[in-house]
Structures are given as C-alpha cells and as structure tokens.
Amino acid sequence: ITGSMVMTRAARICLALTCAASAHAYQPQAGKVSMRRAASYPSSPKLMTTVVFKPSNKEIEIEGGSKLSLAAYRAGVPIAFSCKTGTCSTCAVKMNGRRVLTCITNVPKRGKVTVTTP
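Along each chain, residue indices are assigned from 1 in the same order as the chain's sequence is written. Local features in this predicted model are restricted to residues whose pLDDT is 70 or higher, and side-chain atom pairs enter the listing and the counts only when it is 80 or higher, whereas totals over whole chains, interfaces and linings include all residues. Just so you know, side-chain values use all the structure's heavy atoms and leave hydrogens and water out.

### A closer look at the pairing of strand S3 (residues 48-54)
Right, on to step 1. When you tally the buried positions in S3, you get 5 out of 7 residues, the bulk of the element.
Right, on to step 2. Hairpin connection, S3 to strand S4 (residues 58-63): the antiparallel pair is bridged by 3 residues, and Asn57 has positive phi, about 60°.
Right, on to step 3. Bridge count for S3 against strand S7 (residues 111-116) is 6 bridges, and the pairing is parallel. Within the sheet, the bridge partner assigned to Lys54 lies in S7 and is Thr116. Only protein chains enter the calculation, and the probe is 1.4 Å; a residue is then buried if its accessible area is under 20% of its type maximum, exposed if over 50%, and partly exposed in between. Note on conventions: DSSP H or I runs of at least 4 residues are helices, E runs of at least 2 residues are strands, and numbering of each starts at the N terminus. Here, strands pair whenever DSSP counts at least two bridges between them.

### Focus on the sheet that holds S4
Hydrogen bonds between backbone atoms are what pair the strands of a sheet, whose relative direction is either parallel or antiparallel.
Right, on to step 1. Taken in spatial order, the 5 strands line up as S4-S3-S7-S5-S6 in an open sheet, and their pairing is mixed. Edge positions in the sheet fall to S4 and strand S6 (98-101), since each of these pairs with one other strand and no more. Neighbouring strand axes in the sheet, compared pairwise and without regard to direction, differ in orientation by 35° on average.
Right, on to step 2. In the sheet, strand S5 (residues 92-95) pairs with S6 via 4 bridges, with the strands oriented antiparallel. Directly across from Lys94, in S6, lies its bridge partner Arg99.
Right, on to step 3. Here a residue-residue contact requires only that any non-hydrogen atoms of the pair lie within 4.5 Å. Axis definition: a line fitted to C-alpha atoms, limited for helices to the stretch in contact. Angles are taken between N-to-C directions and run from 0 to 180 degrees. On the sheet, helix H2 (residues 68-75) packs against S3, S4, S5, S6 and S7 and is oriented at approximately 130° with respect to S4.

### Some thoughts on the side chain of Thr50
Right, on to step 1. Locating Thr50 in the fold gives a position in strand S3.
Right, on to step 2. Ignoring sequence-local partners within four residues, the contact set of Thr50 consists of Glu59, Ile60, Glu61, Gly111, Lys112 and Val113.

Rendered as structure tokens:
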C-alpha cells in the first residue's frame, strides 16, 4: 500500500481474514468472529514423476498430477502458448509418442515420461 492509499475498515478486516485463513479455519459463531486453528492431518507421501524434455535433454522431477506446462516452465523449456484452454493447439507436444496439449495435460501420478518439443 502506498502512502497515498487509504484502507477502509472493511478492507482491513478482509485482509486480516485472508491472511489468517492460510493457518486458521474461519468459524462464525452467533454473530461473533472467531479463529480456530485448522486440524492438521498427516499428509500422504507425494508421488513424483520424472519428465524428460527432448531434444534439450532437460529433466525435472515434479509432483504427479501437475500440469505439463508447469513442468516445462520449471525445467526452463520454452513452449509457445496462446489460449491456455486447449482450443488453439499452439502448445502441442508429444508425450511418450502421443500428441498432447501442455496447457490441459497432467503428468502421470508416477513414473517417467519423455516429452518431445517442436
């Protein structure tokens, strides 16, 4: 917030609730606002997938189920895109020999895949 901006009371409350929501669960009770710590459950082990990008031979390990476009971004592999919804086919690549669109394709839950970029 810059010095010239004035934050309203409602905006401050909204900001406080938004910041607190990451560590607490919002529990409204009879007109009162109370914050209670969210239950922590043991997390299941993450299933990782190895993605190899050809012809650059860049390899990255990413959580299974992530978008293929995210894997390409994290590996530093430039893939052209336009719509981000799979309608324009600009981001088409081959994953294990099959043509897929990186913006809508998820990597498998585990294992290793080879992605050939144009």
